[in-house]
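# Residue-level structural notes
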Number of protein chains: 2
Amino acid sequence: MEELEYAEEGRTELSQLGEFALIDRITQGFAPRSKSTIKGIGDDCAVIGNSRQKLLLTTDTMAEGVNFDMMYTPLKHLGYKAVARSLSNVAAMNGRPLQILVSIAVSNRYSVEAIEQIYEGVRRCCDRYDVDLVGGDTTSSRSGLVITVTTVGMAEEEKLTYRSGAHLHDLICCTGDLGSAYAGLLVLEREKVTFKADPTFQPDLDGYDYVLERYLKPEPRLDIINRLRENEIVPTSMIDVSDGLASELLHICKESNCGCDIYEERLPIDYQTTRVCSEMSNNMLPISNALNGGEDYELLFTIAQSDYEKTKTIEGVHIIGHITEAASKARLITPQNTAIDLVAQGWVAKDDK
Amino acid sequence: MEELEYAEEGRTELSQLGEFALIDRITQGFAPRSKSTIKGIGDDCAVIGNSRQKLLLTTDTMAEGVNFDMMYTPLKHLGYKAVARSLSNVAAMNGRPLQILVSIAVSNRYSVEAIEQIYEGVRRCCDRYDVDLVGGDTTSSRSGLVITVTTVGMAEEEKLTYRSGAHLHDLICCTGDLGSAYAGLLVLEREKVTFKADPTFQPDLDGYDYVLERYLKPEPRLDIINRLRENEIVPTSMIDVSDGLASELLHICKESNCGCDIYEERLPIDYQTTRVCSEMSNNMLPISNALNGGEDYELLFTIAQSDYEKTKTIEGVHIIGHITEAASKARLITPQNTAIDLVAQGWVAKDDK
C-alpha cells in the first residue's frame, strides 16, 4: 500500500479498486433506453431483440503479459482460446454461438506469419463450434498484442439462463473439473523460471498434458448445453467459471439474492491438478485452486430439485451443493463440517514498479 | 527496406505488407457457413439475420501511441471518438445503431478517475445518438490503453448499402468536408514538437478550433442517413471515410467492379484545413490531405442519376464525380483536366527501431 502516499490528490489507483468495483463505477449512468435492450451490463452476455429468439452479445479482451505470456503460449492456441472463452459466455446463457468478430492490435515484433498462426487458431475454433468469423479490425500497436473477440449468439427467450434465477433449495451443479487450468499455468510459470535461470534447460512437460491443455486450449462447454437441451432441462441460473468457482458462486448469490452451501468433497478435481499442487513449494491446496484458480471455462448452474433425476445422468455434470436462503452467505462446507465463507476474486491491476 | 536483411527466414514483416494485404491474408479460409450470415468480412459491417430487418455488426480498435497520443487527447474525447467511429460504420450501411459493447485494456498508469473520464465520453456519445451500452470487458494491460468498440445496428434489407452496388454513370457524393481531421492532427503534432523543445511553451490553438474538433471528437453522419431516408433516397453504394477519400473510392471501385472520375475543384475543403496546409514546412497540398488524410468519418456514397434532384437539396452533401466503366481506373481530374490515378492508403506498421 506504500504507493498510496505518492498518489495524486483525487487519484484512485486501479490496484485499490479491483475489477468488479471498477466495473460498478464505470457502468453507472448507462441505463438502457432502447426497448430492444432486454439485458444490458451484468450477465455473461447482453440480451437483445423483440422477438422470441433473443440475440446474445459478449466481448472479451486478452492482453499480452496479462492474460497470456508469449514465452509459452503457442499462437494457434492463443487464437483458439480467445474465441473459446467468448463462446463460453454464450454457453453460460444457454445459447448457441453463431458469429464472431475479432479485433487485434499488434506490434511489428509480430510477423505476418505469426498473425496468420493466431487466425489459424481462430479458424479451428470456428470450425469446431460451427461459428462464422464475420468481421474484425486490425491495428498496429506500440507494444504487445491485444485481441478482442465479440460473439453473437441466439437463444429462445424461455431457455435463457441469467445469473439471477436461482431459488431456495435449487441444486448447484458444475461441469468437468476445477482448478486444472490454473494448475497448467503454475507448471508453465515454474518451467519459465527454471529456463530463465538456465537457458540450456529443456522443460519436461510429460505427465502434465491435461492441465496444460486446460490452460492453453480450453473448450467452451457447448456439449453440455446440448445435453441439457436433449434432456429438456433449463437451469434456473448459469454462469461460466472464468474467475474461479468462488467468484462465480458469489455472482449467482448476489444476482439471485440467496446464499449457498457447497461441499468440499463434492468438488471435481483432476489428479494432475492435485499432483501439481503437491509439487508447489508453498504446498498449495487443490481446493483453493478449484475455488480461485479461474480460466476453467466450465459451467456453473442451478437446477430445480425436480430436475435432479434427469441431471444426474448427464456425464460430466457434478452436483456440488444447494441454494440457501437470502440471509445466508455463500459457504464451503468441509468434510469436518466446518463452514467457510467464500471470498470473491477477479483481477487486480498489478503495479509496474 | 534495410530491416529486411535481418528478417528471419520465412518471416514477413508487417511493414512489408500493410493493412489491406494483411486482412486479405488472414481472412482466407473463413467462408461463412451459417445461413444467417448474409455478409461476412469485407464491408463496413457484417450483415446477419433471416428476417427483413437485418442486424449490422462492426468492431473497431484504437491503440495508444498509434490511433491516439495521450499527450494531447482528452480522455472524454477519446471515449467519444471510439464510439463515434464505430457508429460511423453502421451509418455507412445505411443503418441505425442500437447497442454497443466497449472493451478496454488499460495499464495502471491510468487512475480510476481517468477510466471514468473515458466512459463519460462513451456515455455522451451514447446519449447523443440514442445508443445503449450493453456490455464490455475490462482487462489490465502491461502498457498503454487499447479500446475496442463493437456496435450492433439494424437496417431493412432493401435499404442496406454495400460497397458493391455502384453502377456506371452513378453520381459520387460525399458529405461535410475532407482532410480537416488530419489537419487537426497536424496542428496537434506541431504543438507537441514545440512543447517538447520548450516545456514552458503554451500552445496557442486559437483559430484551429474546427480542425481540432474534427480530429478529437468526430461525429458519425447519422444526420445524413436520416435526410436520405426522409427524401427516400437509397444510395447504390456507401462507405465511410476513415482511411481517406482515395482509399474509400478504390474500395467502392473494386467491390462494384467499376472505375470513377472525381473532380478536384468539387472536393469540399474547409478554409482552416487550407490554412493549416499552407503553414506546414513542406507546403502540403490541401488536395492530398483530402485524398489521404483519413479519420473524417464523412460518408462517401453513390446515387442513381434519377436521384440527383432530390440529393442536391440535402445540406452537406456534395456531388464530386461519377462512376465510370469497369475497365477504367479511379481517377482525380484536375482543373487543368489532367487525370491522376488514385492510390490506396491504410495503415502500415511502423518500425519500433
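Residues numbered from 1 in each chain as written. Chains lettered and ligands numbered in written order. Predicted model: local features only at pLDDT ≥ 70, side-chain atom pairs only at ≥ 80, totals over all residues. Heavy atoms only, no water.

This part takes up the overall build of chain A. When its secondary structure is counted, chain A shows ten helices and 13 strands. Taken over C-alpha atoms, the radius of gyration comes to 21 Å for chain A, in line with the 20 Å a tight globule of 353 residues would show. Per-residue burial over chain A gives 58% buried out of 353 residues. Residue pairs in contact within chain A that sit at least 24 positions apart in sequence constitute 82% of those at least 6 positions apart. About 14,700 Å² of surface is accessible on chain A, with carbon and sulfur atoms providing 49% of the total. Across chain A, the mean location of the 35 positive side-chain charges is 4 Å away from that of the 55 negative side-chain charges. (Helix = DSSP H or I, 4+ residues; strand = E, 2+ residues; numbered from the N terminus. Rg over C-alpha atoms; globule rule 2.2 N^0.38 Å. Buried < 20%, exposed > 50% of the residue type's maximum accessible area, 1.4 Å probe, protein only. Contact = heavy atoms within 4.5 Å. Areas by Shrake-Rupley, 256 points an atom, 1.4 Å probe, with all protein chains shown as cover. Lys, Arg positive; Asp, Glu negative; His and termini not counted. Charge placed at Lys NZ, Arg CZ, Asp CG, Glu CD.)

With that out of the way, let us pick up the relation of the copies chain A and chain B. Superposing the two chain copies requires a rotation about an axis and a translation along that axis. The two copies are related by a screw motion: chain A maps onto chain B through a turn of 180° and a shift of 0.0 Å along the axis, at an RMSD of 0.0 Å. Here the transformation between the copies is reduced to the relation of a two-fold axis. Of all interface residues in chain A, 100% are interface residues in chain B too; the two copies therefore contact each other through one and the same surface. (Least-squares fit on C-alpha atoms with pLDDT ≥ 70 in both.)

A word on a negative patch on the surface. Residues and elements named next belong to chain A. A contiguous patch of negative charge, built from D204, D206, D209 and E213, is present on the exposed surface. Tracing the sequence through the fold places D206 in the loop between helix 4 (180–197) and helix 5 (209–216). Judged by its relative accessible area of 62%, D206 falls in the exposed class. (Patch = residues over 30% accessible without salt bridge, like charges linked within 9 Å, V, L, I, M, F, W, Y side chains within 5 Å. Salt bridge = Lys/Arg side-chain N within 4 Å of Asp/Glu carboxyl O.)

With the rule as written, the count across this model stands at 64 salt bridges over all chains. In this structure, E113 of chain A engages R25 of chain B in a salt bridge whose closest nitrogen and oxygen atoms are separated by 3.9 Å. With E113 of chain A in helix 3 (residues 112–129) and R25 of chain B in helix 1 (residues 14–26), the pair connects residues from two separate chains. What makes E113 of chain A partly exposed here is its relative accessible area of 23%. Between E156 of chain A and K159 of chain A there is a salt bridge whose closest N-O contact spans 3.7 Å. The class of E156 of chain A is buried, set by a relative accessible area of 16%. On the accessibility criterion, K159 of chain A (27% relative accessible area) is partly exposed. Salt bridges sharing partners connect three or more residues here, namely R33 of chain A together with E120, R123, R124, D127, D130 and D132 of chain B.

A full pass over the atoms with the stated rule returns two aromatic pairs over all chains. On the basis of an interplanar angle of 85° and a centroid distance of 6.5 Å, the ring pair of F30 of chain A and Y119 of chain B is categorised as edge-to-face. Of this pair, F30 of chain A sits in the loop between helix 1 (14–26) and strand 1 (37–39) while Y119 of chain B sits in helix 3 (residues 112–129), on two different chains. Given a relative accessible area of 5%, Y119 of chain B falls into the buried group. Between the NZ or CZ atom of K217 of chain A and the centre of the ring of Y80 of chain A, over which it lies, the distance is 4.3 Å. Positioned over the ring face of Y208 of chain A is R275 of chain A, at 4.3 Å from the centre of the ring. (Phe/Tyr/Trp six-rings, centres within 6.5 Å; stacked < 30°, edge-to-face > 60°. Lys NZ or Arg CZ within 6 Å of the ring centre and 35° of its normal.)

Attention now moves to the sheet that holds strand 2 (residues 46–48) of chain A. Across a sheet, strands are paired by hydrogen bonds formed along the backbone, either parallel or antiparallel in direction. Residues and elements named next belong to chain A. On the basis of which strands lie adjacent, the open sheet formed by six strands has the order 1-2-3-6-4-5 and mixed pairing. Two strands in the sheet have a free side with no partner beyond their single neighbour: strand 1 and strand 5 (132–140). Within this sheet the neighbouring strands show an average axis-to-axis angle of 20°, counted without direction. Sheet analysis places strand 2 next to strand 3 (residues 53–63), joined by three bridges and oriented antiparallel. Within the sheet, the bridge partner assigned to I48 lies in strand 3 and is L55. Running over the sheet, helix 2 (residues 75–91) touches strand 3, strand 4 (96–106) and strand 6 (145–156) and is turned about 145° from strand 3. (Pairing = 2+ DSSP bridges. Axes fitted to C-alpha atoms, helices over the stretch in contact; angles between N-to-C directions.)

All names here are of chain B. Judged by pairing direction, the sheet is mixed, and its seven strands sit side by side in the order 8-10-7-11-9-12-13 without closing on themselves. Of all strands in the sheet, those with a lone pairing partner are strand 8 (237–240) and strand 13 (339–341), marking the two edges. Adjacent strand axes in the sheet meet at a mean angle of 25°, parallel and antiparallel pairs treated alike. Bridge count between strand 7 (residues 171–175) and strand 10 (residues 299–303): four bridges; the pairing is antiparallel. Opposite L171, over in strand 10, you have I303 as the bridge partner. Here helix 7 (residues 245–256) sits on the sheet in contact with strand 7, strand 8, strand 9 (259–263), strand 10, strand 11 (317–324) and strand 12 (330–333), set at roughly 150° to strand 8.

Next up on the list: the state of the cysteines. Two cysteines form a disulfide when their sulfur atoms are joined by a covalent bond. Residues and elements named next belong to chain A. The final tally for this structure, using the stated rule, is zero disulfides over all chains. No disulfide involves C253; its sulfur sits 3.7 Å from that of C260, the nearest cysteine. Classification of C253 by relative accessible area gives buried; the value is 7%. (Disulfide = S-S within 2.5 Å.)

All names here are of chain B. Put simply, helix 4 (residues 180–197) and helix 5 (residues 209–216) touch, their axes get as near as 7 Å, and they point 100° apart. Relative to helix 5, helix 4 is oriented roughly perpendicular. Mapping the contact onto sequence places S180, A181, A183, G184, L185, V187 and L188 in helix 4 and Y210, V211, L212, R214, Y215 and L216 in helix 5. Here the residues of the contact of helix 4 with helix 5 sort into ten nonpolar, two polar and one charged. (Parallel < 35°, antiparallel > 145°, perpendicular 65-115°, else oblique. Nonpolar A, V, L, I, M, F, W, Y, C, P; charged D, E, K, R; others polar.)

In this section: the interface of chain A and chain B. Each side of the interface is counted separately: chain A has 77 residues, and chain B has 77 residues. Carbon and sulfur atoms supply 55% of the area buried between chain A and chain B, which totals about 6,800 Å² over both sides. Counting every contact that joins chain A to chain B gives ten salt bridges. A salt bridge links E116 of chain B to R25 of chain A; its shortest N-O distance comes to 2.9 Å. Our enumeration of links across chain A and chain B arrives at 40 residue pairs in polar contact (both at pLDDT 80 or more). If you list the elements that add at least two residues to the side of chain A that touches chain B, you get helix 1, strand 2, strand 3, strand 4, helix 3, strand 5 and strand 6 of chain A. For the side of chain A that touches chain B, the per-class residue count stands at 32 nonpolar, 26 polar and 19 charged. (Buried area = accessible area lost by both parts, 1.4 Å probe. Polar contact = N/O pair within 3.5 Å; in protein donor to acceptor, adjacent residues only side chain to side chain.)

Another point: the environment of C260 of chain B. Residue and element names in this part refer to chain B. Relative to the elements of secondary structure, C260 occurs in strand 9. Assessed through its relative accessible area of 0%, C260 is described here as buried. With 22 residues separating them along the chain, C260 and N282 place their C-alpha atoms 30 Å apart. Apart from the residues within four sequence positions on either side, C260 is in contact with I172, L249, C253, H322, I323, T324, K329, A330 and R331.

Attention shifts here to helix 3 of chain B. Here helix 3 of chain B spans 26 Å end to end across 18 residues, near enough to the 26 Å set by a 1.5 Å rise per residue. Considered for burial, the residues of helix 3 of chain B that qualify are V112, A114, I115, I118, Y119, G121, V122, C125, C126 and Y129 of chain B. Looking at the buried positions of helix 3 of chain B, the neighbouring elements they touch are helix 1 of chain A together with helix 2 (75–91), strand 4 (96–106), strand 5 (132–140), strand 6 (145–156) and helix 6 (222–230) of chain B. Looking one or two places after helix 3 of chain B, you find D130 of chain B, whose phi comes out positive at around 55°. (Expected span 1.5 Å × (residues − 1).)

Time to look at the pairing of strand 11 (residues 317–324) of chain A. Each regular strand displays side chains that alternate between the two surfaces of the sheet. Residues and elements named next belong to chain A. With six of eight residues buried, strand 11 is to be regarded as a mostly interior element. Summarising the sheet, strand 7 (residues 171–175) and strand 11 pair through five bridges and their orientation is antiparallel. Paired with C174 across the strands is H318, a residue of strand 11. Of the pairings in the sheet, the one linking strand 9 (residues 259–263) to strand 11 comprises four bridges and is antiparallel in character. When the sheet's bridge partners are listed, D261 is paired in strand 11 with H322.

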